[in-house]
Amino acid sequence: MSPSDSSGTSPSESSGASPGKSSGAGSAKNPDASPAKSSVASSAKRSGASSAKRSVPAPAVRRVAVIGGTRIPFARSDGPYATASNQDMLTAALDGLVERYGLGDPGAVGEFVAGAVLKHSRDFNLARETVLGSELDARTPAYDIQQACGTGLQAVIAAANKIALGQTEAAIAGGADTASDAPLGVNDRLRRVLLEARRAKSLGGRVKALSQVRPSHLVPDIPRNAEPRTRLSMGEHAAVTARAWGVTREAQDELAAASHQRLAAAYERGFFEDLVVPFRGLDRDQNLRPGSTPEKLAALKPVFGLDGEHPTMTAGNSTPLTDGAALVLLASEEWAERRGLEPLAYLTAHETAAVDFVHGDVAGGEDGLLMAPAYAVPRMLERAGLGLDDFEFVEVHEAFASQVLATLAAWEKRGLGPVDRARLNVNGSSLATGHPFAATGARIVATLAKSLAESGGSGRGLISVCAAGGQGVTAILERG
């Protein structure tokens, strides 16, 4: 079963052209071709006006620079951020970015794009309300975006496309999520009774409707990490995929331990000093366990895939429920030069994909819930004329260690070759930082961009993010 195709209509995605080259200039349709325009042109001709048609060139596609990023430390749910809303966390990250890059002046950036996966009804205009409560100019337009765990990266892509087309010079993008403050829905049976009472035309009718309320109706609907069409949690889906690809417990624990150790080393050498701003008593990610080893992780009991033989997925090789926010500053080269800011890297390509995890080859591993990047990355690399060996860094979101290892195996099966583990998630990833759903993509973009800048010279980085609903969002950053 093949995945659904990405439309690939974005100019910044097209053809994998090298940075700085236009991939579609000079071929736009003449706007005078519309019936209304033709009528105006005919009228002008009859009155003796010139009927010569003016050619409107297509905009040149500009390079999109990643200037930097800011996030708050990620916290385990029901911990330090238990009373912080999505807006509180996103505002803290935004204020940190505004202060760090001097963005407080009027019109500093053209747009703010962000989202959250777990949203209250009060979050209906989250991005705009965040702007209004921050140090950013209140006249900055803002809008929400959501694509499950791909939200942060899709926000970056949306902002980058406008910069690439010259529609804005700079933008801020990212996301936030709190598992601690997850919305609780009204019990659906109670909701139906309340709606019936509201529709009643008389007091008697309302009393009759409300008399149907039972104690069981007062139990709220608590959101759970499960796919609506399968009723399976993400972890249970990942366990099926792990079995299909033969991913071992030992390999998962090794990858998880490496994530913690690399994140700890990055903090110790000051890598995150200009990427993380303190919030509510935290100055580094709460989930970080510097002393993690495969041996210690091996002592944990499995929590997913318990219905099968030899379950391998534990709390230690899976990401915990997490609260946090992360943002990225994007701009044109001209904007960066005017402000004296050196770009860390450039966003040069991106791709999305989806798999049919309901009816597809799930048992065989090909269409597992989190396997869409196995299709998106090969498509993107083919379009760009690149292979995995062309990347100095590879960033694969660690929803579960098993999912990372299955993705790597799928890439290899599709002829992309093995990924050198020394280049994989070199500063740690989601298993160590935690995973506030909508914030992860922006965290990865900022981390990878700085990794490329630190390495000096030219280089490339690959980003792969799996998402609920059988989706995947991927991108390429380049330096130089």
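Before reading on, note that the structure itself is shown above.
First things first, this report covers the structure right here in the doc. (Residues numbered from 1 in each chain as written. Predicted model: local features only at pLDDT ≥ 70, side-chain atom pairs only at ≥ 80, totals over all residues. Heavy atoms only, no water.)

1. Some points on a nonpolar patch on the surface
Nonpolar side chains collect at one region of the surface, where Val186, Leu194 and Leu210 lie side by side and expose about 240 Å² of accessible area between them. Residue Val186 is classed as partly exposed on the basis of its relative accessible area of 46%. (Patch = residues over 30% accessible without salt bridge, like charges linked within 9 Å, V, L, I, M, F, W, Y side chains within 5 Å. Areas by Shrake-Rupley, 256 points an atom, 1.4 Å probe, with all protein chains shown as cover. Salt bridge = Lys/Arg side-chain N within 4 Å of Asp/Glu carboxyl O. Buried < 20%, exposed > 50% of the residue type's maximum accessible area, 1.4 Å probe, protein only.)

2. Regarding the packing of aromatic side chains
Scanning the entire structure with this criterion turns up four aromatic pairs. One aromatic cluster is present, formed by Tyr267, Phe271 and Phe272 through successive ring pairs. The ring of Tyr346 has Arg63 sitting right over it, with the charged end atom 3.7 Å from the ring centre. Sitting above the plane of the Tyr375 ring, Arg414 keeps its charged end 4.6 Å from the centroid. (Phe/Tyr/Trp six-rings, centres within 6.5 Å; stacked < 30°, edge-to-face > 60°. Lys NZ or Arg CZ within 6 Å of the ring centre and 35° of its normal.)

3. Some remarks on helix 8 (residues 249–268)
The end-to-end C-alpha distance of helix 8 is 29 Å, a good match for the 28 Å that 20 residues give at a rise of 1.5 Å each. Burial in helix 8 covers these residues: Arg249, Gln252, Asp253, Leu255, Ala256, Ala257, Ser259, His260, Leu263, Ala264, Ala266 and Tyr267. Against strand 1 (64–71), helix 9 (294–297), strand 6 (302–304), strand 7 (313–314), helix 12 (401–413) and helix 13 (430–433) lie the buried residues of helix 8. (Helix = DSSP H or I, 4+ residues; strand = E, 2+ residues; numbered from the N terminus. Expected span 1.5 Å × (residues − 1). Contact = heavy atoms within 4.5 Å.)

4. Considering the pattern of salt bridges
The final tally for this structure, using the stated rule, is 20 salt bridges. Arg63 is paired through a salt bridge with Glu333; the nearest N and O atoms lie 2.8 Å apart. Of this pair, Arg63 sits in the loop between helix 1 (35–46) and strand 1 while Glu333 sits in helix 10 (residues 333–338), and the two are 270 residues apart along the sequence. For the salt bridge of Arg71 with Asp285, the shortest nitrogen-to-oxygen distance reads 2.6 Å. With Arg71 in strand 1 and Asp285 in the loop between helix 8 and helix 9, this residue pair connects regions lying 214 residues apart in the sequence. Each member of the pair, Arg71 as well as Asp285, carries the same accessibility label: buried. One network of salt bridges, in which partners are shared, links Asp188, Arg191 and Arg192.

5. A word on empty space enclosed by the protein
Applying the stated criterion across every chain yields a total of three cavities of 30 Å³ or more. Roughly 50 Å³ of internal volume is contained in the second largest cavity. Put simply, the parts of the chain that give the lining of the second largest cavity at least two residues each are strand 1, strand 8 (322–331) and helix 14 (440–455). The residue inventory of the lining of the second largest cavity, partitioned by class, reads six nonpolar, three polar and two charged. (1 Å grid on protein atoms, 1.4 Å probe; cavity = no way out; pocket = protein on both sides within 12 Å on 5 of 7 lines; lining within 4 Å. Points joined across faces, edges and corners; volume = space filled by probe spheres on them. Nonpolar A, V, L, I, M, F, W, Y, C, P; charged D, E, K, R; others polar.)

6. Concerning the pairing of strand 10 (residues 393–396)
Side chains Phe393 and Glu395 project from strand 10 onto one buried face, and the interleaved Val394 and Val396 project onto a second face that is buried too. Pairing of strand 10 with strand 11 (residues 459–467) involves four bridges; the strand directions are parallel. Bridge pairing links Val396 to Ser464 in strand 11. (Pairing = 2+ DSSP bridges.)

7. Considerations on the packing of helix 4 (residues 151–164) against helix 14
Two numbers describe how helix 4 lies on helix 14: the axes approach to 5 Å, and their chain directions differ by 65 degrees. Facing helix 4, whose interface residues are Gly152, Leu153 and Val156, helix 14 presents Gly441, Ala442 and Val445. A per-class count over the contact of helix 4 with helix 14 returns four nonpolar, two polar and no charged. (Axes fitted to C-alpha atoms, helices over the stretch in contact; angles between N-to-C directions.)

8. Remarks on unusual backbone geometry
Non-glycine residue His310 carries a positive phi angle of around 50 degrees. Its location among the elements puts His310 in the loop between strand 6 and strand 7. Unusually for a residue other than glycine, Asn425 sits at a positive phi of about 45 degrees. Within the fold, Asn425 resides in the loop between helix 12 and helix 13.

9. Observations regarding the side chain of Asp177
Inspection of the secondary structure assignment puts Asp177 in strand 5 (residues 170–177). Within the structure, the side chain of Asp177 is placed 2.8 Å from the backbone nitrogen of Leu118, a separation counted as a polar contact. In terms of polar contacts, Asp177 uses its side chain to reach the backbone amide nitrogen of Ala438, at 2.8 Å. If near-sequence neighbours (up to four positions away) are discounted, Asp177 is found in contact with Asn86, Met89, Ala116, Val117, Leu118, Thr322, Asp323, Gly324, Pro436, Phe437 and Ala438. (Polar contact = N/O pair within 3.5 Å; in protein donor to acceptor, adjacent residues only side chain to side chain.)

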